[in-house]
Amino acid sequence: MDKHQLMEESKIGRENAHVPYSKFKVGASLLTKDGKVYRGCNIENASYSMTNCAERTAIFKAVSEGEKEFTALAVVADTDGPCAPCGACRQVIAEFCAPDMPVYLTNLKGDVQETTVRELLPGAFTPEDLRNAGK
Ligand SMILES: O=c1ccn([C@H]2C[C@H](O)[C@@H](CO)O2)c(=O)[nH]1
Ligand SMILES: [Zn+2]
């Protein structure tokens, strides 16, 4: 699967967005090392803060199915420029994806910003920090 196909998968994921409050649909697609794609959408709640973003939906779906190795992530929304993941998602992405993994931030107009996990959250707090604590 190439990056263009992965970006199309994120648009398919976006179609299931549950957004009665913001009306802002986001889609994500996460590619595994074995070529499988996990799609995600944002899922809002009447208790607004319970909302789960598209990126975290895709990651949690994959991890809950036993997936551990990821090679790319694409995110899409109907934004003016490429859709930027929120801070919470950047932290979760950094937990499960390698620092140099490509991330494709896109919109429905076809703008694409190719970035990396490291660039999304420089200096991320990682499992390594916990392992090294007190040493
Ligand atoms: O990268 C992003 C940014 C926002 N949202 C969602 C959360 C909420 O449902 C809506 C507005 O913030 O967009 C995502 O899913 N991903
Ligand atoms: Zn988010």
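About the thresholds
- Here the residue index of a chain counts from 1 through its sequence in written order.
- Chains carry letters and ligands carry numbers; both start at the beginning, A for chains and 1 for ligands, and go up in the order they are written.
- Local features in this predicted model are restricted to residues whose pLDDT is 70 or higher, and side-chain atom pairs enter the listing and the counts only when it is 80 or higher, whereas totals over whole chains, interfaces and linings include all residues.
- Side-chain metrics rest on all non-hydrogen atoms present in the structure, leaving aside hydrogens and water.
- UniProt positions are given in the numbering used here, feature names are shortened, and annotations may be inferred rather than shown by experiment.
- Going along the chain from the N terminus, every DSSP run of H or I of four or more residues is numbered as a helix, and every run of E of two or more is numbered as a strand.
- As used in this structure description, the phrase polar contact means that two N or O atoms lie within 3.5 Å; if the pair is within protein, one of them must be able to donate a hydrogen and the other to accept it, and residues adjacent in sequence are counted only when both atoms belong to side chains.
- For two strands to be treated as a pair, DSSP must find at least two bridges joining them.
- Angles shown run from 0 to 180 degrees and are taken between the N-to-C directions of axes, each axis being a line fitted to C-alpha atoms and, for helices, limited to the stretch in contact.
- A contact between two residues is defined here by any heavy atoms of the two lying within 4.5 Å.
- We call two directions roughly parallel when the angle between them is under 35 degrees, roughly antiparallel when it is over 145, roughly perpendicular when it lies between 65 and 115, and oblique otherwise.
- For any pair of crossing helices, the crossing counts as left-handed if the nearer helix is rotated counterclockwise from the farther one by less than a right angle, and right-handed if it is rotated clockwise.
- In this classification, the charged set is Asp, Glu, Lys and Arg, the nonpolar set is Ala, Val, Leu, Ile, Met, Phe, Trp, Tyr, Cys and Pro, and all remaining amino acids, among them Gly, are polar.

You'll find the chain entered in an unreviewed UniProt entry as Cytidine deaminase, with Viridibacillus arvi given as the organism. Database annotation for the chain, UniProt heading Sequence similarities (unreviewed entry): "Belongs to the cytidine and deoxycytidylate deaminase family." Its UniProt record gives the chain the following Cofactor (unreviewed entry) comment, quoted word for word: "Zn(2+)".

Engineer: Quick question: what am I supposed to make of the UniProt feature "binding site: substrate" (unreviewed entry) in the chain here?
Structural biologist: Under the local residue numbering, the UniProt record ascribes the feature "binding site: substrate" (unreviewed entry) to Asn42, Ile43, Glu44, Asn45, Ala46, Ser47 and Tyr48. Summarising the element assignment, Asn42 is placed in the loop between β2 (37-41) and α2 (54-64). Of the polar contacts made by the side chain of Asn42, one reaches the backbone oxygen of Phe24; its length is 2.7 Å. With respect to the element layout, Ile43 can be found in the loop between β2 and α2.

Engineer: Looking at this structure, I do not really get the sheet that holds strand β5 (residues 112-116). What am I missing?
Structural biologist: Strand-to-strand pairing in sheets goes through backbone hydrogen bonds, with the strands running parallel or antiparallel. Strand order in this open sheet of 5 strands is β2-β1-β3-β4-β5, and the pairing throughout is mixed. Edge positions in the sheet fall to β2 and β5, since each of these pairs with one other strand and no more. Strand-to-strand twist in this sheet, taken as the mean axis angle between neighbours without regard to direction, amounts to 15°. Relative to β5, strand β4 (residues 102-107) is paired through 5 bridges, and the arrangement is antiparallel. Within β5, the position partnered with Tyr104 by the bridge is Glu114. Helix α1 (residues 3-14) contacts β1 (26-32), β2, β3 (70-77), β4 and β5 of the sheet and is inclined by roughly 50° relative to β3.

Engineer: Mind showing me how you'd approach the packing of α2 against helix α3 (residues 87-96) here?
Structural biologist: Between two packed helices, both the angle of their axes relative to each other and the distance between the axes serve to describe the pair. Between α2 and α3, whose axes approach to 9 Å, the crossing angle comes to 30°. Relative to α3, the element α2 is oriented roughly parallel. Taken as a pair, α2 and α3 cross one another with a handedness that is left-handed. Only Ala88, Cys89, Val92, Ile93 and Phe96 of α3 make contact with α2, whose side of the interface consists of Glu55, Arg56, Ile59, Phe60 and Val63. For the contact of α2 with α3, the per-class residue count stands at 8 nonpolar, no polar and 2 charged.

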